[in-house]
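Commentary on secondary and tertiary structure
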Amino acid sequence: MSKSVPAFLQDESDDRETDTASESSYQLSRHKKSPSSLTNLSSSSGMTSLSSVSGSVMSVYSGDFGNLEVKGNIQFAVDYVESLKELHVFVAQCKDLAAADIKRQRSDPYVKTYLLPDKGKMGKKKTLVAKKTLNPVFNEILRYKIEKQILKTQKLNLSVWHRDTFKRNSFLGEVELDLETWDWDNKQNKQLKWYPLKQKTAPVALEAENRGEMKLALQYVPEPIPGKKLPTTGEVHIWVKECFDLPLLRGSHLNSFVKCTILPDTSRKSRQKTRAVGKTNNPVFNHTMVYDGFRPEDLMEACVELTVWDHYKLTNQFLGGLRIGFGTGKSYGTEVDWMDSTLEEVALWEKMVNSPNTWIEATLPLRMLLIAKISK
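Given the structure is predicted, the values throughout are model-derived calculations rather than measurements.

Attention now goes to the side chain of E140. With respect to the helices, strands and loops of the structure, E140 is situated in strand β10 (residues 137–145). Nearest to the buried, unbridged E140 among oppositely charged side chains is R143, at 8.7 Å. In this structure, E140 is in contact with V89, F90, V91, K126, T127 and L128, ignoring residues within four places of it in sequence.

Here it is, written out as structure tokens:
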């Protein structure tokens, strides 16, 4: 079995998921003023100070969707330029948006577009941010270099977001066009039109779709390894063995790897990952990840998030994931979206907690997850 190294991710303010790795071990350290013990993942050398899990970090995760009212309209037009083989999306303006800053009745909105099902960086475009307005004017053309035949298999998703001073995004509404049924010859379809913004729809089709399975084993070691200095804390060992029947998003090509985060910490240095395994949708990783500094009470509040990704060029495409914990909906007294473990995931965590110093193995179905933003 190989030992994990933490993943030092690049700045993800543009949603980039590119990874590099640097070797170190991590422990769960504590701030005396914090009510919880699982507050921070820091370098075992004590040289690196990482962000603590506070209410603001929680809001980065749960504040993206559903916290603001969806209202207002967006005006845009689409056209395919045959000579350039480009889709042009002309984003004109929005009106009567929800106010992210309720006191001052204003937002800092921008528009983001995707060609679905490719929701990676290559398929994403966005406008500039308009400051302090509920009626932003953009007048920007977002361009996609794409063959028309391929375009007819896509959906165009336009979503409006508020970006605050900490670069956190809040969802303000979306519109989706099915380009398969779009009449490209109708001149009226090339004119600017107003569309009402809608709530984000649950990805039912993606949830129902088979995302494959992961075979893994967990072990809780309450006593430290001899020679270590933390007698009151233990370790959680995560052994990622292999995956089965991963979805093929790029024909027969796949280059998959697994990331691990111990929520509620979303700091970039808390993440660990496996190596990438190519040319198969049944990759064998045989890789262990170790997190220490766990007190027994932390096991009630923490959640192991494992996500599987397909690495392609400069982007990583999400394939599926697991959240293994007690699924209580709360962490250290705060309601959180990510404490949503399924019955099978809860059963694995319970067996691990109740059987210390023993590997507990399971094969679990991967599912769609709303991934936590990485905090600084």
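The rest of the description comes next.
What follows covers the pattern of salt bridges. Pairing is possible between side chains that carry opposite charge, provided their charged atoms lie close to one another. Scanning the entire structure with this criterion turns up 13 salt bridges. The shortest N-O distance in the salt bridge between D79 and K190 comes to 3.8 Å. On the criterion of sequence distance, the pair formed by D79 in strand β6 (residues 73–81) and K190 in the loop between β12 (169–178) and β13 (193–196) is long-range, its members being 111 residues apart. Judged by its relative accessible area of 25%, D79 is partly exposed. Taking the shortest distance from any N to any O, the salt bridge between K241 and E361 comes out at 2.3 Å. Here K241 is found in strand β15 (residues 234–244), whereas its partner E361 is found in strand β24 (residues 360–365), with 120 residues between them in sequence. Its relative accessible area of 15% is what places K241 among the buried residues. Residues participating in the shared-partner salt-bridge network are E305, R323, D340, E345 and R367.

With that settled, consider helix α5 (residues 343–354). Note on helix geometry: an α-helix contains 3.6 residues per turn, so any two residues three or four positions apart are oriented the same way. Spanning 12 residues, α5 covers 16 Å between terminal C-alpha atoms, matching the ideal 16 Å at 1.5 Å per step. Buried residues along α5 sit against β14 (213–221), β15, α4 (298–301), β20 (303–312), β21 (315–324) and β24.

With antiparallel pairing, the 4 strands of this open sheet are ordered in space as β9-β8-β11-β12. The open sheet has two edge strands with one neighbour each: β9 (124–126) and β12. Taking each pair of neighbouring strands and ignoring which way they run, the sheet shows an average axis angle of 20°. Here 8 bridges tie strand β8 (residues 109–116) to strand β11 (residues 155–163), and the two strands are oriented antiparallel to one another.

Our next topic: the packing of aromatic side chains. To describe a pair of aromatic rings, you give the distance between the ring centres and the angle between the ring planes. The tally for this structure, following the rule as stated, stands at 5 aromatic pairs. Taking the centre distance of 6.4 Å and the plane angle of 65° together, the rings of W182 and W184 count as edge-to-face. Across the pair, W184 and W182 agree in class, each one buried. Each ring, one from W239 and one from W359, has its centre 5.3 Å from the other, and the planes form 70°; the classification is edge-to-face. Taken together, the positions of W239 in strand β15 and W359 in the loop between α5 and β24 put the pair 120 residues apart, joining distant regions of the chain. Taking relative accessible area as the criterion, W239 reaches 18% and is therefore assigned buried. Accessibility expressed as a relative area gives 33% for W359, which makes it partly exposed. In this structure, K125 is placed above the aromatic ring of Y144, and the distance from its NZ or CZ to the ring centre is 5.4 Å. The residue whose ring lies beneath K241 is W239, and the NZ or CZ to ring-centre distance is 4.2 Å.

Our focus in this paragraph is the confidence of the model for the protein chain. Taken residue by residue, the protein chain gives an average pLDDT of 77. The fraction at 70 or more is 74%. Every residue in residues 1–66 is under pLDDT 50, and counting partners more than four places away or in other chains gives 184 contacts. Note on residues 202–208: pLDDT is under 50 here. Beyond four places in sequence and across chains, it has 5 contacts.

Each neighbour pair has its own omega, and for L263 with P264 the value is 20°, a cis peptide bond. Not every positive phi belongs to a glycine, and Q105 is a case in point at roughly 55°. Within the fold, Q105 resides in the loop between β7 (86–95) and β8.

This part is about the sheet that holds β10. Reading across from one edge, β10-β7-β6-β13 is the order of the 4 strands in this open sheet, with antiparallel pairing throughout. Strands at the two margins of the open sheet, each flanked by one partner only, are β10 and β13. With strand direction ignored, the average angle separating the axes of adjacent strands in the sheet is 30°. As judged from the 7 bridges shared by β7 and β10, these two strands associate in the antiparallel manner. What sits directly across from E86, in β10, is K145.

Turning our attention to the pairing of β11. Counting buried positions along β11 yields 8 of 9 residues, so the element is predominantly enclosed. In this structure, β11 lies alongside β12, joined through 9 bridges in antiparallel fashion. If you follow W161 over to β12, its bridge partner there is F171.

The next point concerns the pairing of β15. Within β15, 10 of the 11 residues are buried, which leaves it mostly tucked inside the rest of the structure. Bridging between β14 and β15 involves 9 bridges; their strand directions are antiparallel. Bridge assignment links L218 to a residue of β15, and that residue is I238. Taken together, the 8 bridges between β15 and strand β19 (residues 284–294) define a ladder with antiparallel strand orientation.

This part is about the environment of Q272. The topology assignment puts Q272 in strand β17 (residues 272–273). Among the polar contacts listed, one links the side chain of Q272 to the backbone oxygen of V290, at a separation of 3.4 Å.

Rules used throughout
Residues numbered from 1 in each chain as written. Predicted model: local features only at pLDDT ≥ 70, side-chain atom pairs only at ≥ 80, totals over all residues. Heavy atoms only, no water. Helix = DSSP H or I, 4+ residues; strand = E, 2+ residues; numbered from the N terminus. Buried < 20%, exposed > 50% of the residue type's maximum accessible area, 1.4 Å probe, protein only. Lys, Arg positive; Asp, Glu negative; His and termini not counted. Salt bridge = Lys/Arg side-chain N within 4 Å of Asp/Glu carboxyl O. Contact = heavy atoms within 4.5 Å. Expected span 1.5 Å × (residues − 1). Pairing = 2+ DSSP bridges. Axes fitted to C-alpha atoms, helices over the stretch in contact; angles between N-to-C directions. Phe/Tyr/Trp six-rings, centres within 6.5 Å; stacked < 30°, edge-to-face > 60°. Lys NZ or Arg CZ within 6 Å of the ring centre and 35° of its normal. pLDDT = per-residue confidence, 0-100. Polar contact = N/O pair within 3.5 Å; in protein donor to acceptor, adjacent residues only side chain to side chain.

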